[in-house]
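# Structure assessment
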Amino acid sequence: MNNNYKVYRNTCPRNCYDTCGILTYVKNNKIVKVTGDPSHGFTKGHLCSKGYNYIKMVYNKERLKYPLRQKGRGSGIWERITWEQALDMICEKILKIKEKYTSTLPICLNKYSGNFGLLQTAVEGMFNSLGPTTQAIGSPCWSAGLDAQYYDFGGNFSSDPNELLNAKLIVLWGANPAWTSVHSFAMITQAQERGTKVVVIDPIYTQTAKKADWYIQIKPGGDGSFALALIKIINKMGKIDHNFINNHTIGWENFSRYLDTFSLEEAAEDSGQSIEIMEELAELIVNNSPCFFWVGFGLQRHANGGQNVRAIDALGAVTGNIGISGGGVHYANLKIWNMFNYSFLKTKHINRYVNINNFAAQLQKLQEPPIEMLWNSCRNLVRQDTNSTLLIENMRKIDFIVTVDLFLTDTACESDLVLPATTFFENLDVVPSYWHTWLSINEKAITPYYESKSDFEIAKMVSSKLNKLKPGSSNFPNHLSEEDFLDNEFSQETYDSFGIKHWDELRQGPKKYNGPSIAWKSKIFKTPSGKYEFFSNTAVLKGLPGLPIKKNTISPNKKYPYWLLTPHYQHRLNSQFQHIDRLKKICSDSIVYLNPVTAKNKHIKNGCIVKIYNELGSITCLAAYSENVAQDTIIYFQGVNQKKNNMINSIIKGIPTDMGEKTTDFPGMAFYDTHVNIEPVKITRS
Ligand SMILES: Nc1nc2c(c(=O)[nH]1)N[C@H]1C(S)=C(S)[C@@H](COP(=O)(O)OP(=O)(O)OC[C@H]3O[C@@H](n4cnc5c(=O)[nH]c(N)nc54)[C@H](O)[C@@H]3O)O[C@H]1N2
Ligand SMILES: Nc1nc2c(c(=O)[nH]1)N[C@H]1C(S)=C(S)[C@@H](COP(=O)(O)OP(=O)(O)OC[C@H]3O[C@@H](n4cnc5c(=O)[nH]c(N)nc54)[C@H](O)[C@@H]3O)O[C@H]1N2
Ligand SMILES: [Mo]
């Protein structure tokens, strides 16, 4: 108790690097203030622009309060119903499907990253309790990069981000932490103040790039060639780290023979950089060890994304920057992430798994049996997935769609039934990070808003109702409390790793992983050879090149001559936070940014309406001049407010990345290999 407030510990469970520790001040069951938790050693008492606005999300006037039924899909006519009615509709449908098909495969789950708390896996648990179902898995975020590092290192580990402070040089390669990981960015700034040099390699002159010592505007997809050129130059300079290569790697000879056949001129063409720039950067890297390479998820959202990450890994390896303090090639840290039992994800059933990416195409393929019921959770599929026009068309063929969310999202609007979810302030949970090494809790700070319920609670209710209607229909452990659930998720080893006896101790403050803070320090890798693998036989077995050789991505063509990059936006988390007025005001709704020279060539005036189009269709939006992009590239931030029938992802094709199957079961999504044309829209007055 503190001045009549009670303070609770919470953790932002969004799909974000930072997974921030929050202190929640509650008075009379109402949140009156949220602030960063100073005892969280990574986020250190600070939140981002979105985090500080959480009260406006919890008590938002647009937040769902009750279960709703739509009278005719897409009609926008909603009727409030009771939970009992909602459960009847769901369970009767499930039982009908079972009867009709003698199978539960026509029931499909599409769940992604709205909430990464451990308890959220209850949704998969509920599905797995029914029998074999269809489930969309994989990832739009990071699949190609994960596989690339898996082939090279044998696993996905990064150093503690604190190691940024020990670097002499930081290379931010296709990452924009000034927006997407603000606490890492604060560390980068701190390192810079101590004399560390920062290089940013990105097709966009981002907020991060603006703070760098050197910005390199690379051609999209040209990173692999660029990295290979740097290796070739460093080799010629006689500056490769023979000690690391001889003792800790395999395949170097093979790789160096390949490099002999690869010309700097082709690298210049692929990356849009001169050989002088490459030489200068090569010098900088070899003269400033340790070098911390941070490979962002943006870089690998291309058809050659995995191969490009492998080339950057190789650059880290030849310069001996692996396994040392302040060095490394960092991408994601699954050390903490994979420490939990995830007991609900385990199933004896043979589920029908499909790629979560380009779900429109998966639905088309899913026959025998077709999908008759779709359950969306933690997912704004219609806004965030590719090829959205076809997606909506194919969703309309599904007989029954349920969406569990906090808001009436575009996906909810394509549903028959919408169930109101709680926010993370309304139920207990624990949230791991995929980047830093702190673990923290979500205490139940307030009671659920109106009739909202957690996904865990909903899973239990569906299961009970099913068994009431037809005993034996679901073996979901209904007796479990949230506390029991968390007990099951922790092993003794996990407790030991955080120096705690029970997860309950997280109520006293976040805890840090007490294992090694430097990835691959032992220089023993998890690859089949135990070494860093320039040549990966595991990759060959997957039908991929063994070496990190150059692979071109798909380039723009005459008809669609511009790259359309749709990166992540500062004041959104994908499509989330769009209901917060304060953020709405400063947010660039539906704007395309283009170079003034491009605009002039296309007779586009600043602030006018334009049409962006390709084979998939077109959208209209406002144009804004920006010197932040090259003349062949335009930017439209994904997730920002968009109108139905005018969504940017309706012109994003579902091109798979080259890698992803090994670690996430399916390839990732080459969102940034989209090419378009653009023209002004003539306004005719009637
Ligand atoms: N504020 C905010 N934070 C977020 C999110 C958000 O939406 N908003 N989303 C969260 C999620 S889900 C994710 S996956 C992460 C994403 O985090 P990041 O990877 O940092 O963000 P992206 O915007 O996906 O891409 C980063 C950069 O990659 C660049 N890029 C694109 N193509 C290329 C290329 O070919 N080469 C190079 N070198 N660079 C390229 C883009 O221009 C962009 O600036 O952030 C998480 N955090
Ligand atoms: N053009 C383009 N498209 C992209 C990308 C890109 O770079 N460019 N990036 C891709 C990436 S990296 C990602 S991660 C995806 C994101 O795809 P999604 O994960 O579908 O994106 P969000 O908009 O974060 O949607 C999450 C939904 O979960 C809801 N939610 C939050 N908490 C809870 C909860 O506790 N329970 C339930 N049931 N719901 C909850 C939120 O209100 C929100 O509607 O988008 C991808 N799409
Ligand atoms: Mo993501």
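All of the points below concern the structure found in this document. (Residues numbered from 1 in each chain as written. Chains lettered and ligands numbered in written order. Predicted model: local features only at pLDDT ≥ 70, side-chain atom pairs only at ≥ 80, totals over all residues. Heavy atoms only, no water.)

## Looking at the environment of His 675
Test applied: The helix count covers DSSP runs of H or I at least four residues long, the strand count covers runs of E at least two residues long, and both are numbered beginning at the N terminus. In protein, a polar contact means a hydrogen-donor-capable atom and an acceptor-capable atom, both N or O and within 3.5 Å, with residues adjacent in sequence counting only if both atoms are side-chain atoms; elsewhere, any N or O pair within 3.5 Å suffices.
Along the polypeptide, His 675 turns up in strand 27 (residues 675-680). A distance of 3.2 Å separates a polar atom in the side chain of His 675 from the backbone oxygen of Ile 554.

## Observations regarding the pairing of strand 19 (residues 438-442)
Condition: A simple rule labels every residue: compare its accessible area, found with a 1.4 Å probe on the protein chains alone, to the largest value its type can have, and call it buried under 20%, exposed over 50%, or partly exposed in between. For two strands to be treated as a pair, DSSP must find at least two bridges joining them.
Extensive coverage of strand 19 is indicated by the burial of 5 of its 5 residues. Linkage of strand 18 (residues 429-431) to strand 19, two consecutive antiparallel strands, is achieved through a turn of 6 residues.

## What about empty space enclosed by the protein?
Threshold: A cavity, in this analysis, means grid points on a 1 Å lattice covering only the protein atoms where a 1.4 Å probe fits yet has no way out; a pocket is instead an open set bounded by protein on both sides within 12 Å along at least five of seven lines, and a residue lines either one if it has an atom within 4 Å of a point. Grid points are joined across faces, edges and corners, and a volume is the space filled by probe spheres set on the points. Each residue gets one label: Ala, Val, Leu, Ile, Met, Phe, Trp, Tyr, Cys and Pro are nonpolar, Asp, Glu, Lys and Arg are charged, and the others, such as Gly, are polar.
Under the definition given, this model contains 6 cavities of 30 Å³ or more. One number sums up the size of the largest cavity: a volume of about 650 Å³. Around the largest cavity, the lining is made up of 40 residues, and of these Ser 113, Gly 114, Cys 378, Asn 380 and Gln 576 lie nearest the centre. In terms of residue class, the lining of the largest cavity is built from 13 nonpolar, 22 polar and 5 charged. Roughly 40 Å³ of internal volume is contained in the second largest cavity. Looking at the second largest cavity, the residues that line it are Phe 153, Phe 157, Ser 159, Ile 322, Gly 323, Gly 327, Gly 328, Val 329, His 330, Ala 519 and Trp 520. No other element matches strand 13 (residues 328-330), which puts 3 residues into the lining of the second largest cavity. For the lining of the second largest cavity, the per-class residue count stands at 6 nonpolar, 5 polar and no charged.

## Some details on helix 13 (residues 305-318)
So the rule is basically this: A helix is expected to reach a length of 1.5 Å times the quantity of its residues less one.
Compared with an ideal rise of 1.5 Å per residue, which puts 14 residues at 20 Å, helix 13 spans 20 Å between its outermost C-alpha atoms and is within 8% of the ideal. For helix 13, a buried count of 14 out of 14 residues is recorded, marking the element as mostly surrounded by other parts of the structure.

## Observations concerning the environment of Asn 128
The criterion, for reference: Any pair of residues with heavy atoms lying within 4.5 Å of one another is described as a contacting pair.
With respect to the element layout, Asn 128 can be found in helix 3 (residues 122-128). For Asn 128, a relative accessible area of 7% puts it in the buried group. Separated by 14 residues in sequence, Asn 128 and Trp 142 have C-alpha atoms that sit 25 Å apart. Sequence-distant contacts of Asn 128, that is, excluding residues within four places in its chain, are made with Gln 135, Phe 344, Leu 345, Lys 346, Thr 347, His 349, Asn 351 and Asn 475.

## Description of the side chain of Glu 489
Counted only if it meets this: Note that His is not counted, nor are the chain ends; the positive residues are Lys and Arg, and the negative ones are Asp and Glu. For salt bridges, the criterion is a side-chain nitrogen of Lys or Arg within 4 Å of an Asp or Glu carboxyl oxygen.
Along the chain, the position of Glu 489 falls in helix 19 (residues 482-489). Although Glu 489 is buried, it forms no salt bridge, and the closest oppositely charged side chain is Lys 346 at an N-O distance of 7.0 Å. Those residues in contact with Glu 489 that lie beyond four places of it in its chain are Leu 118, Phe 340, Asn 341, Tyr 342 and Ser 343.

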